[in-house]
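# What the coordinates show
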Amino acid sequence: MTEDTRPVVHAFTDGACRGNPGKGGWGVLLRFGAHEKELYGYQAETTNNQMELMAAIQALEALKRPCKVILTTDSQYVRQGITEWIVGWKRKGWRNAKGDAVKNKELWQRLEQATQAHAHEIDWRWVKGHSGHPDNERVDQLANRAIDEGA
């Protein structure tokens, strides 16, 4: 499948945590044309950053063929981590600029694998959280629903 024929999927992701660490949830909205799919999940003991990463991971792992993905997150940690920082972390043996071990290494590795699994072309976009963006508000509600349901 050539790049020009890949389906365009819009993915919106968010993570939430009550306490940091504490109970957490993640939410995903996938949109392909008129089709939408919502995903969400819960973790009993986690951090907000881990849930933000898990939302992006789950969005990409849900795609079963090569896609052009426009992934929108309200997490600069996720967007900058995967588009900028990860190259240096890997080069330095998973150490950050201070020489400390990179936090959430396993999730970063899983996210990187998810980006490569089907050779997706991904446009990583950022939106300010809690600013009224309808799809970001929707995935925030899904992440909080996951916590409420403990599911």
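What counts as what
- Residues numbered from 1 in each chain as written.
- Predicted model: local features only at pLDDT ≥ 70, side-chain atom pairs only at ≥ 80, totals over all residues.
- Heavy atoms only, no water.
- Pairing = 2+ DSSP bridges.
- Helix = DSSP H or I, 4+ residues; strand = E, 2+ residues; numbered from the N terminus.
- Axes fitted to C-alpha atoms, helices over the stretch in contact; angles between N-to-C directions.
- Parallel < 35°, antiparallel > 145°, perpendicular 65-115°, else oblique.
- Left-handed = near helix turned anticlockwise from the far one by under 90°.
- Contact = heavy atoms within 4.5 Å.
- Nonpolar A, V, L, I, M, F, W, Y, C, P; charged D, E, K, R; others polar.
- Phe/Tyr/Trp six-rings, centres within 6.5 Å; stacked < 30°, edge-to-face > 60°.
- Buried < 20%, exposed > 50% of the residue type's maximum accessible area, 1.4 Å probe, protein only.
- Salt bridge = Lys/Arg side-chain N within 4 Å of Asp/Glu carboxyl O.

On to the pairing of strand S3 (residues 35-46), then. Sheet topology note: the strand S2 (residues 22-32)/S3 ladder contains 10 bridges and is antiparallel. Looking across to S3, one finds that Gly25 is bridged to Tyr42. Turn length for the S2-S3 hairpin, with the two strands adjacent in sequence and antiparallel, is 2 residues, and the turn residue Gly33 shows positive phi of about 60°.

For the pair helix H1 (residues 48-61) and helix H3 (residues 105-116), the least separation of the axes is 9 Å and the interaxial angle reads 25°. One element, H1, and the other, H3, form an angle in the roughly parallel class. As H1 packs across H3, the resulting crossing turns out to be left-handed. Mapping the contact onto sequence places Gln50, Leu53, Met54, Ala56, Ile57, Gln58, Leu60 and Glu61 in H1 and Leu107, Trp108, Arg110, Leu111, Ala114 and Thr115 in H3. Taken together, the residues that form the contact of H1 with H3 break down as 9 nonpolar, 3 polar and 2 charged.

Counted under the stated rule, the structure contains 4 aromatic pairs. Taking the centre distance of 6.4 Å and the plane angle of 35° together, the rings of Trp89 and Trp94 count as tilted. Given the relative accessible area of 10%, Trp89 is considered buried. Residue classification places Trp94 among the buried positions, given a relative accessible area of 12%. Ring geometry for Trp89 against Trp108: centres 5.1 Å apart, planes inclined by 65°, an arrangement best described as edge-to-face. Placement of Trp89 in helix H2 (residues 76-91) and of Trp108 in helix H3 is noted, with a sequence separation of 19 residues between them. An identical accessibility class is assigned to Trp89 and Trp108; each is buried. Cluster of aromatic residues (ring-pair linked, three or more members): Tyr77, Trp85, Trp89, Trp94 and Trp108.

Two side chains that carry opposite charge are able to pair once their charged atoms sit near each other. Counting across every chain of the model gives 9 salt bridges. In this structure, Asp135 and Arg31 form a salt bridge, with 3.0 Å as the shortest nitrogen-oxygen distance. Highlighted residues: Asp135 in helix H4 (residues 134-149) and Arg31 in strand S2, separated in sequence by 104 residues. The salt bridge partner of Arg145 is Glu149, with a shortest N-O separation of 3.0 Å. Separated by 4 residues within a single helix, Arg145 and Glu149 lie in helix H4, roughly one turn from each other. Residue classification places Arg145 among the partly exposed residues on the basis of a relative accessible area of 36%. Because the salt bridges share partners, they merge into one network encompassing Arg31, Glu36, Glu38, Asp135 and Arg138.

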